[in-house]
2 protein chains.
Amino acid sequence: MREVAIVGVGLTKFGRRDDASYRDLGVEACIAAFEDTTNISPKDIEAFYVATGQPERHVVQSQPAALFAEYLGLDPKVAARVEMACTSSSVALRMGYIAIASGLVDTALICGVEKMGEAPPPELSVTMGIVDDKEFAACYGLTPPSVFAMIARRHIHEFGTTEEQMAKVAVKNHENATKNPCAHFQKRISVEQVLSSPVISHPLKLFDCSPITDGAAAVILASGEKAKTSTDVPIHIAGSAQVVRWNMMTSMPTITTWLPLKEASKRAYKMAKVDSKDIDVAEVHDCFTIAEIIAYEDLGFCDKGKGGNLIDEGVTEIGGKLPVNTSGGLKAKGHPIGATGAAQAAEIVKQLRGEAGKRQVDGAEIGLTHNHSGEAINQVVHIYRRK
Amino acid sequence: MREVAIVGVGLTKFGRRDDASYRDLGVEACIAAFEDTTNISPKDIEAFYVATGQPERHVVQSQPAALFAEYLGLDPKVAARVEMACTSSSVALRMGYIAIASGLVDTALICGVEKMGEAPPPELSVTMGIVDDKEFAACYGLTPPSVFAMIARRHIHEFGTTEEQMAKVAVKNHENATKNPCAHFQKRISVEQVLSSPVISHPLKLFDCSPITDGAAAVILASGEKAKTSTDVPIHIAGSAQVVRWNMMTSMPTITTWLPLKEASKRAYKMAKVDSKDIDVAEVHDCFTIAEIIAYEDLGFCDKGKGGNLIDEGVTEIGGKLPVNTSGGLKAKGHPIGATGAAQAAEIVKQLRGEAGKRQVDGAEIGLTHNHSGEAINQVVHIYRRK
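Residues numbered from 1 in each chain as written. Chains lettered and ligands numbered in written order. Predicted model: local features only at pLDDT ≥ 70, side-chain atom pairs only at ≥ 80, totals over all residues. Heavy atoms only, no water.

Asks: Residues and numbers for the environment of B:Pro144, please.
Replies: Residue and element names in this part refer to chain B. You can see Pro 144 is positioned in helix α6 (residues 144-159). As for Pro 144 and Met 128, which are separated by 16 residues in sequence, their C-alpha atoms are 6.8 Å apart. Setting aside residues no more than four positions away along its own chain, Pro 144 makes contact with Met 128 and Phe 288. (Helix = DSSP H or I, 4+ residues; strand = E, 2+ residues; numbered from the N terminus. Contact = heavy atoms within 4.5 Å.)

Asks: Describe the confidence of the model for chain A, listing the residues and the values that go with them.
Replies: Low pLDDT means the predicted atomic positions in that stretch should not be read closely. All names here are of chain A. Confidence in the prediction for chain A averages 97 pLDDT; 100% of positions are at 70 or higher. Here helix α5 (residues 121-129) stands out as the least confident element of chain A, with mean pLDDT 93; strand β9 (residues 281-283) is the most confident, with 99. In the predicted assembly, ipTM is 0.97 and pTM is 0.98. (pLDDT = per-residue confidence, 0-100.)

Asks: Tell me about the side chain of B:Glu56, and please be specific about residues and values.
Replies: Inspection of the secondary structure puts B:Glu56 in helix α2 (residues 55-58). A distance of 2.8 Å separates the side chain of B:Glu56 from the side chain of B:Arg81, its partner in a polar contact. Residue contacts for B:Glu56: discarding those within four places in its chain leaves A:Gly53, A:Gln54, A:Glu56, A:Arg57, A:Arg81, A:Glu83, A:Ile130, B:Gln61, B:Ser62 and B:Arg81. (Polar contact = N/O pair within 3.5 Å; in protein donor to acceptor, adjacent residues only side chain to side chain.)

Asks: I'd like to hear about the relation of the copies chain B and chain A, residue by residue, with values.
Replies: If you rotate chain B by 180° and push it 0.0 Å along the axis, it lands on chain A with an RMSD of 0.0 Å. Taken together, the rotation and translation describe the operation of a two-fold axis. Minimal C-alpha distance to the rotation axis in chain B is attained by B:Ser102, lying at 2.0 Å. Residue by residue, 100% of the interface of chain B is reproduced at the interface of chain A, so both copies engage with the same surface. (Least-squares fit on C-alpha atoms with pLDDT ≥ 70 in both.)

Asks: How would you sum up the packing of helix α7 (residues 163-177) of chain B against helix α11 (residues 289-298) of chain B? Please name residues and give values.
Replies: Residue and element names in this part refer to chain B. Here α7 crosses α11 at 95°, and the two axes come no closer than 8 Å. By the angle between their axes, α7 is roughly perpendicular relative to α11. Contacts between α7 and α11 involve Gln 165, Met 166, Val 169, Ala 170, Lys 172 and Asn 173 from the first element and Thr 289, Ile 290, Glu 292, Ile 293 and Tyr 296 from the second. Within the contact of α7 with α11, the residues separate by chemical class into 6 nonpolar, 3 polar and 2 charged. (Axes fitted to C-alpha atoms, helices over the stretch in contact; angles between N-to-C directions. Parallel < 35°, antiparallel > 145°, perpendicular 65-115°, else oblique. Nonpolar A, V, L, I, M, F, W, Y, C, P; charged D, E, K, R; others polar.)

What follows is the structure in structure tokens.
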């Protein structure tokens, strides 16, 4: 298996993008990624993965890989749309990694994209519900907020986590987003504002939830050899792991410890020959504030049940020992389903290159991304290293 | 790159399957594939690809890879839904090939599945239209029958191909389907019946078109080493190629010669170290009868413009020199979008193993599958060899 590095990243402005079509968003991110690399033009891309959740329902467009391939002027040997709900572009990143590590291709482009804002709200309830089993879960009205509300209630019961601690996750991520020009939200919020925002599914309030966002993110991968001439600072993918176990919460032995995440992080750390304490900066999947707290625990950043303490102590703020979601996270940067994993990777690349501007983590050399989907049943972890 | 072999295949009955849900179909095909192999159980599957077109619209279900993983009891290291419209499962087969050839995994399962019959006809017009560009093609009402009607009219104009020759493709494939218990249609038709069937988009009549079908097909792949203990007759993937160029017919230099197919077949032949004349049996993408005729030409089975002669001379019938679509093809076996490529592979595997029953091609050792999508802009070719 050969070395694989990220040599270019691109991001659109996240938010409500009525000025751009679905196609425009994907193309905008990919062009930005090409401008971020050297000696790699569209014709050089050998493997192309469009990561996107439900364009068929969100914008009434299918087969996006052919659409984007033409508009970008690509001529790839492998082209496909990859979907795994909220992890679509992390899974695509893993596929690009595999295609290059195998020796089959030297370059890959991942285009993560979703345009959600033009779909009417009832349609969004459908698209969010049907990532779960239609016949045994979605049909009863189960949607992500109710899933994560149950997880939060149980975590509060078992470990004494508080609604204030959850609120502090939102406050931190909004603070970080004010330092990220691409983030959906650009304003600070207070713990009081979170706690007094409308209840969505108790104990989750509006400001505990990530928003409906339009956006795209692109990543260009190259073999270790090719990377030398494609960027001044190649960021190597040192670890890559995915674990899918169960499809429904009702099948899980526990909903407050995410066993697939524990296993995925164990494999990724082993592959990268690092430990959780070696991580300098991380982007984790804070679709709801409770998810960031559980991610701290199951990634090994703290003991089980102590995630709330980490946020109380400021450990995961910029300036803390292990800054998490410096980009603003899904909560404040936004969560355009198919784009999220690639956007996480882009943030870590910028941090490890030292290009993260006002949100830069000093001396960051090893980074991690964590992305999950469905009822936390599918977990993807990547580890990145500046060499 | 390591050797990769197919060690198990499974197919559901194709047709209108009101007796089975989308989930049931996929699971049925995968169980059949596991029963077709030895020493590989669900827990041994390391990479899992669900190939499916638009379950979000056809059956209102997303994230199928997690759904099927749970129901099959899998624990894969890589899991994703792969979509590339009508080529979804051929592209997934190529991804499985890459993952094993790379040395990353030893086994892969491809589950191709589509349930189209429960969607109301207006919904199907949407799903078929939006594989093309929504903003520049689908919005004008362009759907696959009108695309292939234009291609057929031009082929008739340039090369003198006749409507009778196109009809004979349908007659041959219906004849073959009567020998395939899994095929959607089980009845013979005549040239007169095809020519007098209702016009869909001139010159295409109803019986020139593949039907709306429910069905699933599964393929289990293993490394060359692992294959030795997993089947008596491993069928090696000797060539694999995909070419995506343009997204719309209007961009193409010609619509009667499919340049991406010529290039894909050239690459696949080269990789397999064979020539078109070495192929003993082939499954080609006969979404419309004209497509089979053009496939003959651009796969190099005959000179350009002479595809009609091949069907006149009976070359591609069972018993002819190069039998094509022994399964009944998309035309008569059926075309459940996501399942088609895997079903083509399954047919070739059965032929090369000598297990094709009444439709067996004597002494077949080298087989080919050809699968395309959209306006023939994305072409995938695989070559298989019995060793």
